[in-house]
Amino acid sequence: MAGDNLPSRRALLTGLAALPVAATAAAAERRERKPKKRKPAKPTVQHVDVAIIGAGVFGAWTAWHLLRAGKTVRLFDAYGAGHVRSSSGGESRVIRMGYGADTIYSEMARESLPYWKALSESASAPIFHNTGVLWFGPQGDPYTAQSLAWLQANRVGHEHGDVNWLQNKYRQIQFFQGETGVLETECGALIAGRGVQEVIADAQIAVERVVMPAPLLSKRIKRHSLPDGGTADHLVYALGPWLAELFPQQLMHKIVATRQEVYHFGAPQGDTRFAPPELPVWADNSNNGIFYGIPDLEGAGFKIAIDRHGPVIDPDTVERQLTPAGIAEARAYIARRFPALASAPLIGGRVCQYENSSNGDYLIDRFPGQERVWLVGGGSGHGFKNGPAVGKRVAAHILDPKLAVEPRFSFASKGTVAARTVF
């Protein structure tokens, strides 16, 4: 019966008795964090070294790195920083290092994590939540085995075990015979829209709400013209799903936005099993498409999503309403894996998008024929975590024009379609 899965009176009383301890731990966390007062944005200048179009996670971290390197930057976005229609908007994202054999992204996640931690520690409210990330699935799953091998070889904090280990550690999850799991202890969740806004505030730059056209180079002054009459030596278009709209000849059908849904369910009052530290970020690699979720962070509820590409959409005009079929699939999965939440109410949800590149890899390359115009995108659902590393890479290319482009991130690679686990 559903009532059998609810916490007992004794468990609730034990939880209440532990509140002073929890409060002390929370206070200790606040003491460890060192929020700093953000300085106001520096005044806008008419000529800059770099103009960045797109104030999502890639554009924001590119601006951050360039400004730290002493460059002058202007940052533009038609809707503002981390807005709800962007691929970087919303409430939360996963940061993990396990990518199977695709270790280029493991390395980028490891490079990015210290930047996110430092930003979180200096922000007025946390951006990074060290919940851990739990993978589980059938024994012998190559993706899990390859991820575990990389974690072991690179001495990244983790635990792993069989179904008995899983069931003893996470009794609120229903596991099945033959399953194994890996817990990445150093990773967790990032707060998304607010995180982008914190990066921009820390960079001391303002976002200018301007619709930027395709690049226009003045041959007379050898600078790129900006809409208000200003100029820039370099342009970076980090437009996410809008890249193909602005550059259709080069990117049509090579970067597309697909419709995705996420759902938030509410646990019963007093039931702490679905919030940190009792529940980590989790991913189930045993279905037709990975089901994954984030524990209740900042009162948002138990979040669940399905890593399966939806239909192609226009991010400007799509109606962002949840579908009954999607809600029903999420409920059916919860009833199987999280039986205590089988009758939990849907308390929120969001229609967002993946921004898929044709080969599943990022695009970080020069616009064909223009040495000082860069296109950055193809986050494909998993790019948020790697924002600091992507921004650092783009900044490095601008600072050193001779730096070679990673072949997988080049224009030349965007010709074939390949699937990737993208959450």
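Residues numbered from 1 in each chain as written. Predicted model: local features only at pLDDT ≥ 70, side-chain atom pairs only at ≥ 80, totals over all residues. Heavy atoms only, no water.

Concerning helix H10 (residues 324-337)
Inclusion rule: Each helix is a run of DSSP H or I of at least 4 residues and each strand a run of E of at least 2, with the numbering of both proceeding from the N terminus. A helix's residues, less one, multiplied by 1.5 Å, set its expected span. Only protein chains enter the calculation, and the probe is 1.4 Å; a residue is then buried if its accessible area is under 20% of its type maximum, exposed if over 50%, and partly exposed in between. This arc is built from the directions going out from the helix axis to the C-beta atoms.
For H10, which comprises 14 residues, the first-to-last C-alpha distance of 20 Å matches the rise-based estimate of 20 Å (1.5 Å per residue) to within 8%. Among the residues making up H10, those that are buried are Gly326, Ile327, Ala330, Tyr333, Ile334 and Arg337. Projection of H10 onto a plane perpendicular to its axis shows the buried side chains occupying an angular sector of 130 degrees, all on one side. Away from its buried face, by an angle of more than 90 degrees, H10 presents the exposed residues Pro324, Ala325 and Ala332.

Let's talk about the packing of aromatic side chains
Aromatic ring pairs are described here by two measures, namely the spacing of the ring centres and the angle between the planes. The condition that has to hold: Stacked, tilted and edge-to-face are the three classes assigned to paired rings of Phe, Tyr and Trp, where Trp is represented by its six-membered ring and a pair needs centres within 6.5 Å; plane angles under 30 degrees give stacked, over 60 edge-to-face, the rest tilted.
Applying the stated criterion across every chain, the model contains 23 aromatic pairs. Between Trp61 and Tyr115, the ring centres sit 5.9 Å apart and the planes meet at 70 degrees, which makes this aromatic pair edge-to-face. With Trp61 in helix H3 (residues 57-68) and Tyr115 in helix H4 (residues 103-122), the pair connects residues that are 54 residues apart, well separated along the chain. The partly exposed category is assigned to Tyr115, whose relative accessible area is 23%. Look at Trp282 and Phe302: their rings are 6.1 Å apart centre to centre, the planes differ by 15 degrees, and that puts the pair in the stacked class. Within this pair, whereas Trp282 is found in strand E14 (residues 281-284), its partner Phe302 is found in strand E16 (residues 302-307), the two being separated by 20 residues in sequence.

Quick notes on the pairing of strand E15 (residues 290-294)
Where we set the bar: Being paired, for any two strands, means DSSP has found at least two bridges between them.
Counted residue by residue, E15 has five buried out of five residues, so it is predominantly covered. Burial along E15 is two-sided: the residues Ile290, Tyr292 and Ile294 and Phe291 and Gly293 are all buried. Taken together, the three bridges between E14 and E15 define a ladder with antiparallel strand orientation. The residue bridging Asp284 from the neighbouring strand is Phe291, located in E15. Strand direction decides the pairing type here: E15 and E16, joined by five bridges, are antiparallel.

Notes on helix H7 (residues 193-202)
Along an α-helix, residues three or four positions apart point the same way, because every turn accommodates 3.6 residues. Selection criterion: Note on definitions: a residue-residue contact is assigned when non-hydrogen atoms from the two residues lie within 4.5 Å.
Of all 10 residues in H7, seven are buried, a share of seventy percent or more. Looking only at H7, the buried set comprises Gly193, Gly195, Val196, Glu198, Val199, Ile200 and Asp202. For H7, the secondary structure elements touched by its buried residues are H3, strand E2 (73-76), H4, strand E8 (188-191) and strand E9 (207-208).

Considering the sheet that holds strand E4 (residues 128-129)
Read across the open sheet, the three strands follow the order E3-E8-E4; overall the sheet is antiparallel. Here the strands that pair on one side only, and so sit at the sheet edges, are strand E3 (92-95) and E4. Direction of pairing for E4 relative to E8: antiparallel, over a ladder of two bridges. Bridge pairing in E8 links His129 to Ala189.

Quick notes on the pairing of E16
Most of E16 is tucked away: six of the six residues are buried. Of the two faces of E16, the one carrying Phe302, Ile304 and Ile306 and the one carrying Lys303, Ala305 and Asp307 are both buried. Relative to E16, strand E13 (residues 255-265) is paired through four bridges, and the arrangement is antiparallel. The partner of Val262 across the bridge, within E16, is Ala305.

Quick look at the confidence of the model for the chain
This is how the line gets drawn: A score from 0 to 100, pLDDT tells how confident the predictor is in each residue.
Of the residues in the chain, 90% reach a pLDDT of 70 or more, and the chain-wide mean stands at 89. The low-confidence segment residues 1-30 (pLDDT under 50) makes nine contacts with residues lying over four places distant or belonging to another chain.

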